[in-house]
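Residue-level structure breakdown
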Amino acid sequence: MAPQPCRQAVVRVPVATLWAAPDAVRPIDRPALADCPDVAGWIAGMDREQRVGDCVLTQLLLGERVQVTETRTDGWTRVVALGQPAAKHGADGYPGWVRTAHLTAADPVDAALTVDVAHTTLRVAPGGAAALSGLVLGTRLASAGRPVDGGRPVRVPGRADPLWAPEGDLVPLPAERPEAKEVLAVAERLRDLVYIWGGLSTDGIDCSGLVHLAWRRYGITLPRDADDQADATTPVALDDERPGDLYFFARPGRRVHHVGIVSAEPHAGRRRMLHACYLTRRVVEEELPADRVATLVGAHRV
């Protein structure tokens, strides 16, 4: 049954893509639209230019909650992503379109576990056949019992029976706020990951997606976009920044368009950051080049 307007739903696939509009999708996007989307294959099939089209807004991870605002008969549902704040779009979250097949009815669960590896696979039993592959870092899951034979049972949206994750691939969400350097360490694990506009997974990611996902791993919700992240964080004086803080970039008279994570203490006026770079189409750690220095508008702390 399709999710009904004015009701909440959750994502039932490992990674669902949120689109600007149903008619914005391209032929190259077909793998991401399938009932069981092949996000890794979709990204691998695109060239440099196809990876930066503005048809993609963001991505939603398994179990992520949305508010349904419209359901169409052609397999599309308009939603608001409740776990991805976007003040410029409204107080509730990020709006866009998702395939109806990627959603299921929302059940109240305590998703106290999170995936702590780049990718994992859920199985029908410990060591059994694969049932759901492609879960990514930062995906939150609800425990369904104690570990057995190296596997941990978890509840999966849209499935009556638990599935089993490798016990070592999951960790409890921390009870205390993480230190910024711990978040930086998570982001560093994504170095060399391919850049894709709107990406929010370990298959491909953009600059603000890297920041959002690294903090999500620790249960902290930041806004989805760089300009909203700037508004939601606390400025610190340049030269007072620490590893794990954020650098923001903007052109004169315009809103913030880029964000990076401070990766080292500033030294002799030189600064380094880890970021998903539009130019190289990769997550890189580097000293700020001249064009970044010219557009640096500040450092902020989460």
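Position labels on residues start from 1 in each chain and follow its written sequence. Reporting of local features is limited, given that this is a predicted model, to residues whose pLDDT is at least 70; pairs of side-chain atoms are given and counted only at 80 or more, and all residues count toward the totals for whole chains, interfaces and linings. Based on all heavy atoms of the structure, the side-chain values leave hydrogens and waters out of the count.

What to know about the side chain of Thr114
Quick reminder of the rule: Strands here are runs of E lasting at least two residues and helices are runs of H or I lasting at least four, both read from the DSSP assignment and numbered beginning at the N terminus. As used in this structure description, the phrase polar contact means that two N or O atoms lie within 3.5 Å; if the pair is within protein, one of them must be able to donate a hydrogen and the other to accept it, and residues adjacent in sequence are counted only when both atoms belong to side chains. In this description, contact between two residues means that some pair of their heavy atoms is separated by no more than 4.5 Å.
Following the sequence through the fold, Thr114 ends up in strand 8 (residues 113-115). In terms of polar contacts, Thr114 uses its side chain to reach the backbone carbonyl oxygen of Thr139, at 3.4 Å. Non-local contacts of Thr114, meaning those with residues more than four positions away in its chain, are made with Gly138, Thr139, Arg140, Asp169, Leu170, Val171, Leu173 and Arg217.

Remarks on the sheet that holds strand 17 (residues 234-236)
Definition in use: Pairing between strands is defined by DSSP: at least two bridges between them are needed. Axis definition: a line fitted to C-alpha atoms, over the contacting stretch in the case of helices. Angles run 0 to 180 degrees between N-to-C directions.
Within the open sheet, the six strands sit side by side as 17-22-18-19-20-21. Their pairing is antiparallel. Strands with a single pairing partner mark the edges of an open sheet, and in this sheet they are strand 17 and strand 21 (282-287). Averaged over all neighbouring strand pairs, the angle between strand axes comes to 35 degrees, with direction disregarded. As paired elements, strand 18 (residues 246-249) and strand 22 (residues 296-301) share four bridges and run antiparallel to each other. Among the inter-strand pairings, Leu246 is bridged to a residue of strand 22, identified as His300. On the sheet, helix 4 (residues 207-216) packs against strand 18, strand 19 (258-262), strand 20 (272-277) and strand 21 and is oriented at approximately 45 degrees with respect to strand 19.

A short note on the layout of surface pockets
Our working rule: Put simply, the grid is 1 Å and covers the protein atoms alone, a cavity is a trapped set of points that fit a 1.4 Å probe, a pocket is an open set with protein on both sides within 12 Å along at least five of seven lines, and lining residues have an atom within 4 Å of a point. Grid points are joined across faces, edges and corners, and a volume is the space filled by probe spheres set on the points. By the convention adopted, Pro, Cys, Tyr, Trp, Phe, Met, Ile, Leu, Val and Ala count as nonpolar, Lys, Arg, Asp and Glu as charged, and the other residues, Gly among them, as polar.
Of the volumes computed, that of the largest pocket is approximately 720 Å³. Lining the largest pocket are 27 residues, with Trp197, Cys207, Val256, His257 and His258 sitting closest to its centre. Elements with a minimum of two residues in the lining of the largest pocket: strand 3 (56-61), helix 4, helix 5 (226-232) and helix 6 (290-295). Ranked by residue count, the leading element in the lining of the largest pocket is helix 6, at three residues. Taken together, 30 residues form the lining of the second largest pocket, with Gly63, Glu64, Val109, Ala111 and Arg140 sitting closest to its centre. Every element with two or more residues in the lining of the second largest pocket is listed here: strand 11 (140-143) and helix 4. Top contributing element to the lining of the second largest pocket by residue count: strand 11, with three residues. A per-class count over the lining of the second largest pocket returns 15 nonpolar, seven polar and eight charged.

Here's the deal with the packing of aromatic side chains
Centre-to-centre distance and the angle between the planes together describe a pair of aromatic rings. Rule in force here: Here the aromatic set is Phe, Tyr and Trp, taking the six-membered ring for Trp, and pairing holds for ring centres within 6.5 Å; pairs whose planes are under 30 degrees apart are stacked, those over 60 apart are edge-to-face, and all others are tilted. We call a charge positioned over a ring when the NZ of a Lys or the CZ of an Arg lies within 6 Å of the ring centre and within 35 degrees of the ring normal.
With the rule as written, the count across this model stands at two aromatic pairs. With 5.9 Å between their ring centres and 85 degrees between their planes, Tyr195 and Tyr278 make a pair best called edge-to-face. Pair noted here: Tyr195 is in the loop between helix 3 (180-188) and strand 15 (200-201) and Tyr278 is in the loop between strand 20 and strand 21, with a separation of 83 residues, a long-range link. One cation-aromatic arrangement involves Arg217 over Tyr218; the distance from NZ or CZ to the ring centre is 4.4 Å. It is Arg281 that lies over the ring of Tyr278; its NZ or CZ is 4.6 Å from the centre.

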